[in-house]
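# Residue-level structure breakdown
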4 protein chains.
Amino acid sequence: MSLAADITDTFEELRDTVARLHSELTRYELVIWTAGNVSARVPGHDLMVIKPSGVSYDELSADTMVVTDLHGEVVRGDLAPSSDTAAHAYVYRHMPEVGGVVHTHSTYATAWAARGEPIPCVLTMIADEFGGEIPVGPFALIGDDSIGRGIVETLRSSRSPAVLMRNHGPFTVGRTAKDAVKAAVMVEDVARTVHIASALGKPEPLSEEDIDRLYARYQNVYGQQGEK
Amino acid sequence: MSLAADITDTFEELRDTVARLHSELTRYELVIWTAGNVSARVPGHDLMVIKPSGVSYDELSADTMVVTDLHGEVVRGDLAPSSDTAAHAYVYRHMPEVGGVVHTHSTYATAWAARGEPIPCVLTMIADEFGGEIPVGPFALIGDDSIGRGIVETLRSSRSPAVLMRNHGPFTVGRTAKDAVKAAVMVEDVARTVHIASALGKPEPLSEEDIDRLYARYQNVYGQQGEK
Amino acid sequence: MSLAADITDTFEELRDTVARLHSELTRYELVIWTAGNVSARVPGHDLMVIKPSGVSYDELSADTMVVTDLHGEVVRGDLAPSSDTAAHAYVYRHMPEVGGVVHTHSTYATAWAARGEPIPCVLTMIADEFGGEIPVGPFALIGDDSIGRGIVETLRSSRSPAVLMRNHGPFTVGRTAKDAVKAAVMVEDVARTVHIASALGKPEPLSEEDIDRLYARYQNVYGQQGEK
Amino acid sequence: MSLAADITDTFEELRDTVARLHSELTRYELVIWTAGNVSARVPGHDLMVIKPSGVSYDELSADTMVVTDLHGEVVRGDLAPSSDTAAHAYVYRHMPEVGGVVHTHSTYATAWAARGEPIPCVLTMIADEFGGEIPVGPFALIGDDSIGRGIVETLRSSRSPAVLMRNHGPFTVGRTAKDAVKAAVMVEDVARTVHIASALGKPEPLSEEDIDRLYARYQNVYGQQGEK
C-alpha cells in the first residue's frame, strides 16, 4: 500500500507520457492500425507502463495504459497489455540503463530487416545517433523470450539504440521512452534515405575515425544543457 | 413493412459505420478522388450497405449510403450504388462468413497486381494477418459477375483476406466491414514494405511451419478478449 | 458595361470555384510552393479565370483570381496572372470543348516526362479515365505559343485528357475545371503505380479491345446520373 | 543601448519570421524531430537570428529564437543556438548578398549527397530555380569552419542556391530567409523527381542554351512585380 502511495504520481505521469508518445509514431507514419507500441520503465521499481493490445492510437489515453511487472504480469489497468510485452520486459530485465522501448514495423527499416541487411553508416546523422551501422537481430518467434533475447544480444555488441529484427521490424531503446521514440523516428528516416541512395549506386561510407568523432560530439554536445 | 421496422436500427447503425470507415481509406491514402469503396452485409438479411457511386469522401454520411439486395438492386437510398456493387454482392452471395468487403486501387498493392505477382510471405506481419502469400486473382472486366467470381475463387484457395485482382487492384474481406478495412490497410502496408525490400535484393521467406504458428497465434490471441 | 452585368455572377462563382479547386492540388501533394495552377473558361465568353502568379495556395481566394481574355490579357483582377497563362489560353482558343485546364509538376508524372516516356495502359483505371496510354508532348520553352501548341497537338491524337510535357510536367484538360483537376490527380496516381510496378518487372498491358470496352463504360455509366 | 533601441523592431519581426518559416520545413516533410534549421541575417548589422538547438518544431516561437553575432556568439536569447550555427555564420560572413540560410536532411537531396552525385538539370523547374545542376560540396566535420567553407566554395562556382554537402545533407541560401526556405523545398522536390526518373532510365538533359533562357526569364519575370 505504501509502495502504491509512493509511486502513484510517477504512474500517472508515466502513463500520460507513454500514451502521448504514441502520437509521434502516427505523426511520422511509423505505424498503421494498432501495429506498434511504446513502453517506459517505472523509475526505481521493477515495473513498466505499456500500450494495451489491439487498441487504436486515437483511443489511447493515460487511463488505457497498462502497468506490468518486468515479467509482463499486469499490475494495474483493465486491458490486456501489448502482445510484445514479453520482449519489452526482457529488455528491461537485462539492460538496466534502458528506460524506454519502442517497437514498430516502419516501412524502410522493416525492408532492411526483411533482407537481413544492416544499414551502413553513410550519413553524418547515422554516426551522430547510432554510432555506426544499424545491426540486424535474429529471426525469432513471438511467445517466449526469443525476441527479447535477440534484441539484447544484438544491442550489446553495438552502440546503436536500434536493432532490425529479421523478417519482423525495428526495436529501439533509450534512456527514456522519449529517447527510444526519437531513435524509432530516426531509424526509419535513415533507413529510407540510405535505401534511396543505394537504389541508384553505392553511397560512400564514413571512416571509423569520423564516425567516432561525430558520435562523441553528438552524444555530449548537442541540444540544450542538461537535456538531450 | 414489419421487416423494415425490424431492421431500421441496424440499417442506421450500419450506414453510419460504413460511411465512417471510408475515412480510414483516406487516412491511410489508399484512395484518391472517389476510387474506392466499403460495404457491409446487413446481418440476418440478404441485404448490404455500400458507398454511392462517384461521391467524394468528404460528402459521405449515413444518409448518402445505399442499401441494396445481394444482386445489387437498390432497396433504400437516393443515389446509385458504387459501380463495384456487383462484385461486392457476388462475394456476399457466395461467402456467407463474410460481413464486409473493401475495394481500393492502393498504390503498392495495385503495382503487384499490375505485374500479376503474389506478395511473398517474408514478414511476420504477413504471416499474422494473411497466413501466407497474398494471391493474385484473374483479369476480369466490370459489367457482369466476372470480378466477383474471380475474387471468390481466389480467396477460397487461400487463408488470405486479400486478393490482388490483375491489372486492377486489391479486394479484401472480413468478418465485419472494419476487419475488411483493416485488411485493406495492411495489404497496402506489406505490399509497400516487400516492394521496397525487393528493390535492393531478395527478402528471406518464412518457413511454412513458422507461418502456421504465427497465423494461429495472431488469429486466436491478439487484441483484447472478445474482439480482434 | 452591359456585358459585365450579364456575367458578374458567373465570374464570382467561377473565381470561387477555381480558387477552391487549388486545394485539391495541395491535398494530393501535386504541387509545392506556388508551382501549379488551375483555370476555367467563362462559359459563353472568350474569357478565362486563372491563378495569379507566385501567390501561395494558402492565400488564394475568389478575389485574388485573375480574369483574362483568351490571349492572356488581364480583364479583371489586381495581380499578374500565372506565368503559364499563355499555354492555358492557347488550349481554350483551339479546343472549344475544353472548359478547364490544370498544370502541375507532380512527381511521378514529371518523372515519366523527364524520360520522355508515355505511361502504358496497364491498369483498368488508366483505360477508364485515359482511354489508352498517356502521351508525351514536345519539349517547349515558355514565352510564346510553343507549350500551348504542343499540348493541343498531342491531345488531339489521343483520347487522354492528360499530356506529359517533356522535361516539364503534366497538363490536363476537362469539360470543367473540376474534371481537369480530377485528371491531374489521376495522372499522378497512375504514374506512381505504373512506375512502382515497372521497378520490379514488366506490368502486363491490357488489350485494345478491353481498353475500348472499359473506356466506353466509364465515360457513359460511372457516377450519378447527370454528372461525371 | 542605442543600437538595441534602433533594431528592436527588426529583431522581433525577424525572430517571428524565422520561427514561422520552420513550419514550411515540417509541412513539406523536410525535417524530422529537431534535425533542420532556418536563419536570417539582421539587415544592416553583423547579427543573425537562428533556431535554438534540440528544440522541437511545435515549441518554436519568436521568443525561443536566438540572436548571435556572425561568429555564433549569443547576443540575445535564453537557449543555445543550433549546432549548425557556425556554418550559417560563415556563410553570412563570406556571402554579403545572402540574407537567409536553411539546412535540412531532406530524404532525396540527402540521398544524392550520400552518393556524392550532383542533381542533373533535366527539368525546366531546375533550370528556373537553380540555373543548372545542383552541386555537391565536400565532406566536412562539424566543429570548426569546414562546413561553412565547403558551402561557400561550392556555391561560388555555381548559380545554384543549394549545395548537397557530401554524406550530410542540403544547405540552401537566399536573398531572404523565405527565399532560402523556397530553395530547400524545391531542392527536395527536384531531387525526388530526378531520382524517380532515373530509376527506370536516363532523363534527357536540357541544353545549356535552354537552361540559360529559362533561368534568365524565371529570375526576372516570374511572380508579382516587385517580389519574387
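Residues numbered from 1 in each chain as written. Chains lettered and ligands numbered in written order. Predicted model: local features only at pLDDT ≥ 70, side-chain atom pairs only at ≥ 80, totals over all residues. Heavy atoms only, no water.

### Observations concerning the overall build of chain A
Let me state the cut-off plainly: We count a stretch as a helix when DSSP gives it H or I for four or more residues in a row; a strand needs E for two or more, and each element gets its number in order from the N terminus. Relative accessibility under 20% of the residue-type maximum defines a buried residue, over 50% an exposed one, and the middle range a partly exposed one, all with a 1.4 Å probe and only protein chains included. The criterion used for residue contact is that any of the two residues' heavy atoms lie within 4.5 Å. The Shrake-Rupley method, run with a 1.4 Å probe, gives the accessible areas here. Residue values count only the displayed protein chains as cover. Only four residue types enter the charge count, namely Lys and Arg as positive and Asp and Glu as negative; His and the chain termini do not. In this description, the location of a charge corresponds to atom NZ of lysine, CZ of arginine, CG of aspartate or CD of glutamate.
The helix and strand tally for chain A stands at seven helices and eight strands. A principal-axis box enclosing the C-alpha atoms of chain A has dimensions of 60 × 40 × 30 Å. Across the 228 residues that make up chain A, the buried fraction comes to 63%. Partitioning the intrachain contacts of chain A with sequence separation of at least 6 by distance along the chain shows that 63% fall at a separation of at least 24. Counting every atom, chain A has about 8800 Å² of accessible surface; 47% of that belongs to carbon and sulfur. Here chain A holds 20 positive side-chain charges and 32 negative ones, and the gap between their average locations is 3 Å.

### Topic: the relation of the copies chain B and chain A
For the record, the criterion: All copies are superposed by least squares; the fitting set is the C-alpha atoms of residues with a pLDDT of at least 70 in both.
By a simple turn and slide, chain B fits onto chain A: the slide is 0.0 Å along the axis, the RMSD is 0.0 Å, and the turn is 90°. Interpreted geometrically, this transformation is the action of a four-fold axis. Residues of chain B ranked by C-alpha distance from the rotation axis are headed by Ala199(B), positioned 5.3 Å from it. A share of only 3% of interface residues in chain B that are also interface residues in chain A marks the association as one of differing surfaces.

### What about the confidence of the model for chain A?
Selection rule: A residue's pLDDT is simply how confident the predictor is in it, with values from 0 to 100.
Here chain A averages 93 in pLDDT, and 93% of its residues register 70 or above. This complex was scored by the predictor with a pTM of 0.95 and an ipTM of 0.94.

### Comments concerning the UniProt feature "domain: Class II aldolase/adducin N-terminal" (unreviewed entry) in chain A
To keep it simple, the criterion reads: UniProt positions are given in the numbering used here, feature names are shortened, and annotations may be inferred rather than shown by experiment.
Here, the residues flagged by UniProt with the feature "domain: Class II aldolase/adducin N-terminal" (unreviewed entry) are residues 16-195 of chain A. Annotated as residues 16-195 of chain A, this span is 38% helix and 18% strand, and its ends, taken at the C-alpha atoms, are 35 Å apart.

### Thoughts on the interface of chain B and chain A
Interfaces are often sized by the amount of accessible area the parts lose when they come together. In plain terms, the rule: Two parts placed together each lose some accessible area; with a 1.4 Å probe, that loss summed over both constitutes the buried area. Salt-bridge detection follows one rule: a side-chain nitrogen of Lys or Arg within 4 Å of a carboxyl oxygen of Asp or Glu. Residues are grouped as follows: Ala, Val, Leu, Ile, Met, Phe, Trp, Tyr, Cys and Pro are nonpolar; Asp, Glu, Lys and Arg are charged; all remaining types, including Gly, are polar.
The interface of chain B with chain A comprises 31 residues on the first partner and 31 residues on the second. At the boundary of chain B with chain A, total buried surface from both sides reaches about 2800 Å², with 63% on carbon and sulfur atoms. Joining chain B to chain A, the criterion identifies two salt bridges. Arg27(B) is the partner of Asp58(A) in a salt bridge, and the nearest nitrogen-oxygen pair spans 2.7 Å. Within the residue set of the side of chain B that touches chain A, elements represented by two or more residues are helix H1 (2-27), helix H4 (124-130), helix H6 (177-199) and helix H7 (208-221) of chain B. For the side of chain B that touches chain A, the element with the highest residue contribution is H6(B), accounting for 11 residues. Of the residues assigned to the side of chain B that touches chain A, the class counts are 15 nonpolar, five polar and 11 charged.

### Notes on helix H3 (residues 107-115) of chain A
Within H3(A), nine of the nine residues are buried, which leaves it mostly tucked inside the rest of the structure. Those residues of H3(A) hidden inside the fold are in contact with strand S7 (162-165), strand S8 (169-174) and helix H6 (177-199) of chain A together with H6 of chain B. At the exit of H3(A) stands Gly116(A), carrying a positive phi of roughly 65°.

### A word on the pairing of S8(A)
All names here are of chain A. Using the following cut-off: A pair of strands is considered paired only if DSSP assigns at least 2 bridges between the two.
With respect to burial, S8 is a largely interior element, six of its six residues being buried. Pairing geometry for strand S5 (residues 100-103) and S8, over four bridges, is antiparallel. From the neighbouring strand, Val-102 faces S8, where its bridge partner is Thr-172. Two strands pair when backbone bridges link them, and S7 and S8 are joined in this way by four bridges, in the antiparallel orientation. When the sheet's bridge partners are listed, Met-165 is paired in S8 with Gly-169. Hairpin geometry of S7 and S8 is characterised by an intervening segment of three residues between the two adjacent antiparallel strands and by a positive phi of about 60° at Asn-167.

### Quick look at the sheet that holds strand S1 (residues 37-41) of chain D
Strand order in the open sheet formed by eight strands is S4-S3-S2-S1-S5-S8-S7-S6 (chain D), with mixed pairing between adjacent strands. Every interior strand has two partners, whereas the edge strands, strand S4 (74-76) and strand S6 (136-137) of chain D, have only one.

### Considering the environment of Ala87(D)
All names here are of chain D. Structurally, Ala-87 can be placed in helix H2 (residues 85-94). Here the alpha-carbon distance between Ala-87 and Val-181, two residues 94 residues apart in the chain, equals 16 Å. The residues contacting Ala-87, other than those within four sequence positions of it, are Ile-147, Gly-148, Ile-151 and Phe-171.

### Comments concerning unusual backbone geometry
Phi angles above zero are rare outside glycine, and Trp33(B) is one such case at about 50°. Here Trp33(B) lies in the loop between H1 and strand S1 (37-41). Positive phi values are uncommon outside glycine, yet Glu29(D) reaches one of about 55°. Positionally, Glu29(D) belongs in the loop between helix H1 (2-27) and S1. A relative accessible area of 56% means that Glu29(D) is categorised as exposed.

### Observations concerning the packing of aromatic side chains
For clarity, the cut-off: Stacked, edge-to-face and tilted labels apply to pairs of Phe, Tyr and Trp rings (six-membered ring for Trp) whose centres lie within 6.5 Å, assigned for plane angles under 30 degrees, over 60, and everything in between, in that order. Criterion for a charge above a ring: Arg CZ or Lys NZ at most 6 Å from the ring centre, at most 35 degrees from the ring normal.
The tally for this structure, following the rule as stated, stands at zero aromatic pairs over all chains. Over the face of the ring belonging to Tyr57(D) we find Lys51(D), whose NZ or CZ atom lies 5.3 Å from the ring centre.

### Topic: the interface of chain B and chain C
Listed per partner, the contact involves 32 residues of chain B and 31 residues of chain C. Roughly 2800 Å² is buried in total at the junction of chain B and chain C, and carbon and sulfur atoms are behind 63% of that figure. Among the residues chain B hides against chain C, the three largest losses belong to Ile32(B), Trp33(B) and Arg115(B). Together they make up 28% of the total. Applying the counting rule to chain B against chain C returns two salt bridges. Sorting the residues of the side of chain B that touches chain C by element identifies helix H3 (107-115) and H6 of chain B as the ones contributing at least two each. Counted by class, the side of chain B that touches chain C contains 15 nonpolar, 13 polar and four charged residues.

### Some details on the side chain of His103(D)
Residue and element names in this part refer to chain D. As a reminder, the rule being used: Between N or O atoms, a polar contact is any pair within 3.5 Å; within protein, one atom must be a potential hydrogen donor and the other a potential acceptor, and residues adjacent in sequence are included only when both atoms are from side chains.
Residue position: His-103 is located in strand S5 (residues 100-103). The exposure class of His-103 is buried, given its relative accessible area of 0%. Engagement of the side chain of His-103 in a polar contact is seen with the side chain of His-168, the distance being 3.1 Å. Side-chain polar atoms of His-103 contact the backbone oxygen of Pro-170, separated by 3.0 Å. Beyond its immediate sequence surroundings of up to four residues, His-103 is in contact with Gly-36, Asn-37, Asp-84, His-88, His-168, Gly-169, Pro-170 and Phe-171.

### So, the environment of Ser106(B)
All names here are of chain B. Along the chain, Ser-106 turns up in the loop between strand S5 (100-103) and H3. Sequence spacing of Ser-106 and Ala-191 is 85 residues, and the spatial spacing of their C-alpha atoms is 9.5 Å. With residues up to four places along the chain from it excluded, the contact list for Ser-106 reads Leu-30, Pro-170 and Glu-188. One polar contact links Ser-106 to Glu-188, side chain to side chain, over a distance of 2.7 Å.

### Some points on the relation of the copies chain B and chain C
Once chain B is rotated about the relating axis by 90° and shifted along it by 0.0 Å, it coincides with chain C to within an RMSD of 0.0 Å. With a heterologous cut-off of 20% or less, the 3% of interface residues of chain B that recur at the interface of chain C puts this contact in the heterologous class.

### A few points about the pairing of strand S2 (residues 47-50) of chain B
The side chains of a regular strand alternate, residue by residue, between the two faces of the sheet. Residue and element names in this part refer to chain B. Residues Leu-47 and Val-49 of S2 are buried on one face, and the alternating residues Met-48 and Ile-50, pointing to the opposite face, are buried as well. Across three bridges, the pairing between S1 and S2 is antiparallel. If you follow Arg-41 over to S2, its bridge partner there is Met-48. Here S1 hands over to S2 after five residues, with Gly-44 in that stretch at a positive phi of 80°. Sheet analysis places S2 next to strand S3 (residues 66-69), joined by four bridges and oriented antiparallel. Looking across to S3, one finds that Val-49 is bridged to Val-67.

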